[in-house]
Amino acid sequence: METGAIPIDDLSGGLDCYLTLESGQTYLWQREDDAMYTGERNPDAWYATTIPDTGDVVRVRQRDGHLEWQSTTDADPHVRRLLKLDDDLEAIAADAPAESLIREAYDCHRGMRLVEDPAFGCLISFICSAQMRVKRIHDMVSTLALEYGDELAFDGETYHAFPRPEQLATATEAELRELGLGYRAPYVVRTAEMVAGGEAHPEEARDLPYEEAREYLTRFVGVGDKVADCVLLFALGFDEAVPLDTWIKSAIEDHYPDCDRGNYATTSRAIRERFGGQYAGYAQTYVFHHLRTGAGASE
DNA sequence: GGCCAGGACTCAG
DNA sequence: CTGAGTCATGGC
């Protein structure tokens, strides 16, 4: 086992591991106590995930002013990438718009960072996310890993990697319905087949201009503008992406009605500008979490 | 028991 | 391009 510890004080804007991993951005981590997305912290619990290409297992835990990690490999670069530890969060928060809702969200959830998920797992996760609560999305993604992913041994325990495209493409619609995916089942199978067959890959969107990248991702079955924005924001490094989900739409209605332009593309441009442009996705993620957890319910 | 959850698809106009 | 109808499932 390789281990390490990253001092939190070295990270601009700090880190809150719980907020980062349980704010509805990622469904590819598992909490050791099996209580992710229950709304309760457990400062002692490790979070584990796996690295797609190498099959390495990585565990992290935040304690005593450090982000501790344990892994099958030197996980320092993986941890820094997955939790975007090199983002200058202090500057991003300071430069965010002086809108009361945005400032309140940043102030209430200090240390929450964006994640950078592996693209395929993120894509499938958010296809599953349609009309689902975050806890159930996590359950569904965990089930896919259990049923179709590699078993990885580490430190005497068994971990389940999220399935590679060719593994998930072996699933049938009937099987996935049996696993509780509902009407998303054919979307997941067909998208996995598209990637496994080389027809398209979400990574292809990484180097495109933002709106072209979003358009590219909508070719996958079960992916509309909103899910595409989630993949751009949580996997492909587009910090300006603002997914227009039910919570953000209600925020637009209540706080930024002038940004409602009737369709996704133009409303997206307007709210992206209102949320600060380059790092609008950060502001979106804070506002989303603030509203969803009820902290901003009164206003 | 109706409503809702990080929506997308199909089809008509 | 836009609007209505449809689609599973579990928690409250």
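Residues numbered from 1 in each chain as written. Chains lettered and ligands numbered in written order. Predicted model: local features only at pLDDT ≥ 70, side-chain atom pairs only at ≥ 80, totals over all residues. Heavy atoms only, no water.

Chain A is annotated in an unreviewed UniProt entry as DNA-(apurinic or apyrimidinic site) lyase of Natronoglomus mannanivorans. Under the Sequence similarities (unreviewed entry) heading, UniProt states for chain A: "Belongs to the type-1 OGG1 family." Note on chain A: under the UniProt heading Catalytic activity (unreviewed entry), the record states "2'-deoxyribonucleotide-(2'-deoxyribose 5'-phosphate)-2'-deoxyribonucleotide-DNA = a 3'-end 2'-deoxyribonucleotide-(2,3-dehydro-2,3-deoxyribose 5'-phosphate)-DNA + a 5'-end 5'-phospho-2'-deoxyribonucleoside-DNA + H(+)". (UniProt positions renumbered as here; feature names shortened; annotations may be inferred.)

**Q** Is there a simple way to think about the UniProt feature "domain: HhH-GPD" (unreviewed entry) in chain A in this case?
**A** As recorded in UniProt, the sites labelled "domain: HhH-GPD" (unreviewed entry) are residues 128-285. Helix makes up 53% of residues 128-285 and strand makes up 5%, while its end C-alpha atoms are separated by 19 Å. (Helix = DSSP H or I, 4+ residues; strand = E, 2+ residues; numbered from the N terminus.)

**Q** Would you explain the pairing of strand β5 (residues 66-71) in this entry?
**A** Strand residues, when the strand is regular, have side chains that alternate between the two faces of the sheet. Burial within β5 is extensive, with five of its six residues counted as buried. With six bridges joining them, strand β1 (residues 2-7) and β5 adopt antiparallel strand pairing. The partner of Gly4 across the bridge, within β5, is Trp69. Strand direction decides the pairing type here: strand β4 (residues 57-63) and β5, joined by six bridges, are antiparallel. The residue bridging Val60 from the neighbouring strand is Trp69, located in β5. Between the end of β4 and the start of β5, which pair antiparallel, lie two residues, with Asp64 showing a positive phi angle near 55 degrees. (Buried < 20%, exposed > 50% of the residue type's maximum accessible area, 1.4 Å probe, protein only. Pairing = 2+ DSSP bridges.)

**Q** Sorry if this is basic, but what is going on with the side chain of Gln167 here?
**A** Mapped onto the secondary structure, Gln167 falls in helix α7 (residues 165-168). Discounting chain neighbours no more than four positions away, the residues touching Gln167 are Tyr148, Gly149 and Asp150. (Contact = heavy atoms within 4.5 Å.)

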